[in-house]
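Survey of secondary and tertiary structure
Below, each chain spelled out in residue letters.
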Amino acid sequence: MTSSTPAPLDLNNVQGDILAGLPKKTQTYFFFLIDESRVQAFRRQLATLIPLITTTAQVFSHHEKISQNKKDAVGRGVSPSLLKISGVNIVFSQKGLVKMGINDNIGDDVFRKGMLADAPTLGDPGTATSDSPDWVPAFKQGVDGMILVSGESHQTVAETLAEIERIFFVGAHCATIHEALRIVGDVRPGKEKGHEHFGFLDGISQPAVRGVNATNNPGQEFVRQGITLLGREGDDKFNAAFVDQGPNTRPSWALDGSFLAFRYLFQLVPEFQTFLKRNPIAGLAPDLGSELLGARFVGRWMSGAPVDIAPTHDDPALGKDASRNNNFRYAFPDDSKTQDRCPFAAHTRKTNPRADIEDLNATTANANEKHRIFRRGVQFGPEVTAAEAASGKTVHGRGLLFAAYQSNIHFGFQFLQNNWSNTANFPPKTGPTGAAVISGLDPLIGQNAAGARSMIGANPQSQSTSLTLPTWVVPKGGEYFFSPSIPALKATFALA
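All residue numbers refer to position in the chain's written sequence, counted from 1. Only residues with pLDDT of 70 or above have their local features reported here, since the model is predicted, and side-chain atom pairs are shown and tallied only from 80 upward, although totals for entire chains, interfaces and linings are computed over all residues. Side-chain metrics rest on all non-hydrogen atoms present in the structure, leaving aside hydrogens and water.

UniProt positions are given in the numbering used here, feature names are shortened, and annotations may be inferred rather than shown by experiment. In UniProt, the protein chain has this text filed under Sequence similarities (unreviewed entry): "Belongs to the DyP-type peroxidase family."

Now for the pairing of strand 2 (residues 86-92). Each regular strand carries side chains that alternate between the two faces of the sheet. The buried count for strand 2 comes to six of seven residues, which makes it a mostly enclosed element. Here, strands pair whenever DSSP counts at least two bridges between them. Numbering goes from the N terminus for both helices and strands, where a helix is a DSSP run of H or I of at least four residues and a strand is a run of E of at least two. Direction of pairing for strand 2 relative to strand 3 (residues 145-151): antiparallel, over a ladder of seven bridges. Within the sheet, the bridge partner assigned to Ser 86 lies in strand 3 and is Gly 151. Categorising residues by exposure relies on relative accessible area from a 1.4 Å probe, with only protein chains included: less than 20% of the type maximum marks a residue as buried, more than 50% marks it as exposed, and the intermediate range marks it as partly exposed.

Put simply, two rings from Phe, Tyr or Trp (the six-membered ring, in Trp's case) pair if the centres are within 6.5 Å, and we call them stacked under 30 degrees between planes, edge-to-face over 60, tilted for the rest. Going through the model one piece at a time under the given rule, you end up with 31 aromatic pairs. Centre to centre, the rings of Phe 31 and Phe 262 are 5.2 Å apart; their planes meet at 55°, and the pair counts as tilted. Pair noted here: Phe 31 is in strand 1 (residues 26-34) and Phe 262 is in strand 9 (residues 258-267), with a separation of 231 residues, a long-range link. The buried category is assigned to Phe 31, whose relative accessible area is 0%. Among the residues examined, Phe 262 registers a relative accessible area of 0% and is labelled buried. Look at Phe 415 and Trp 420: their rings are 5.6 Å apart centre to centre, the planes differ by 85°, and that puts the pair in the edge-to-face class. Like Trp 420, Phe 415 is buried. Members of the aromatic cluster, joined through ring pairs, are Phe 32, Phe 42, Phe 92, Phe 111, Phe 168, Trp 253, Phe 259, Phe 482 and Phe 493. The cationic tip of Arg 354 hangs over the ring face of Phe 328; the distance from NZ or CZ to the ring centre is 3.9 Å. Here Lys 370 stacks its cationic end above the ring of Phe 238, 5.0 Å away from the centre of that ring. Working rule: Lys NZ or Arg CZ, within 6 Å of ring centre, within 35 degrees of ring normal, means a charge sits over the ring.

What follows covers helix 6 (residues 115-122). For an α-helix, the turn length of 3.6 residues means that residues three or four places apart are oriented alike. Met 115, Asp 118, Ala 119 and Leu 122 are the residues of helix 6 that are buried. Mapping the buried residues of helix 6 onto a view down its axis gives an arc of 135°, with all of them on the same face. Buried residues belonging to helix 6 abut helix 5 (109-113), strand 9, helix 15 (410-421) and strand 15 (473-483). Positive backbone phi, at 80°, marks Gly 123, one or two positions downstream of helix 6. What the arc covers is the set of directions going from the helix axis to the C-beta atoms. Two residues qualify as a contact provided that any one of their heavy atoms is within 4.5 Å of a heavy atom in the partner residue.

Here's what the structure looks like:
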């Protein structure tokens, strides 16, 4: 078990998606089951896969090559071509660890129980009257692991996947794994690059990591390595009152691993767009009234500009300026008491409340750090068709392959979903009379298995008015995984 201070972090030991994010235009999530009769053979074959796994050090090198390629193209006055770069990572569920005979307690009860058991806590549809969520069959039956393959093109990903399949599918009757589900995600095209399917620029408020990232942008948190990596400084346990109880006890092989929360999230985009058009904020031109309503739901305009800085009109220059677009705290004069700038229930405020929590009292300084996650997901599905837009009804499945890394799922993803996004009285606010303000659910991802969703503050001119919200984000499954370090894969997971 880990007890002594570990050696300094070596980025060659950490799988690349965790701290840096695999470069991608497209990404395939290959979920698999290990053949129960050939577990040892699988573990031997795993040794052959390890050299293909992309480390954080390699990802940083890939990012540098991509950046230099863009600079060179600009210098020549041409559009940059895509570099052929692929990335591979592998993760395992608790079910997969048990099947391989790796029975050490990693020290995370949420991971150990799995996401299916956690679905009622997350508020997933189908769990209001039973423990069985409305998920796709593969996730209800359970998976043992997932191989993540990224690349600049579908062809590169297909070639890499074929190389991986040759390792594990050595013959029709000798396969050591069986495909449970394969999901392809793609970065959205053209000007929508970086935007999720509702149209909003995504991934802006990622934290930086001490000792990994050289600098941070204004407003960007610098978190300790243990917020995402097991066994590192900051990987602490807390009691019910959130008092730090010191370092977590982990198996020695868990060092520099991380827990991945994966969610298969479908987005009802035509329905969302229709709602905005039918409920514009009054007193403005209809298009601007609808645009402002959407921005107040999210906490940012589609450009990425935060409404806490630009409360009435979009500011695209602000949205793309990394030195300004994250430099706010919901702490303007009276901002903690009114919703003039940003609703208390806005998605970005629910999931990263900044001063709403940090400024409660002296004992909660840096209180948000343990709840920070590293999001590495990608969109899936086609663009909205003209027929869907005209009818306001979704025909083709699309959404987000949500992927987030953390060292503690309870304080990370689960806490953000259950304690913040699904909780109507978070962030904790009081009105002029001292009564608690029930701001409502996160209008995007807030889940209520019983179906009823609402929020106040959407209309800045009538901040106490409750607005009933349809469901626009529908979870269809997922799992909690563990991403082992390269040394752990070699010494604990693989067999010679």
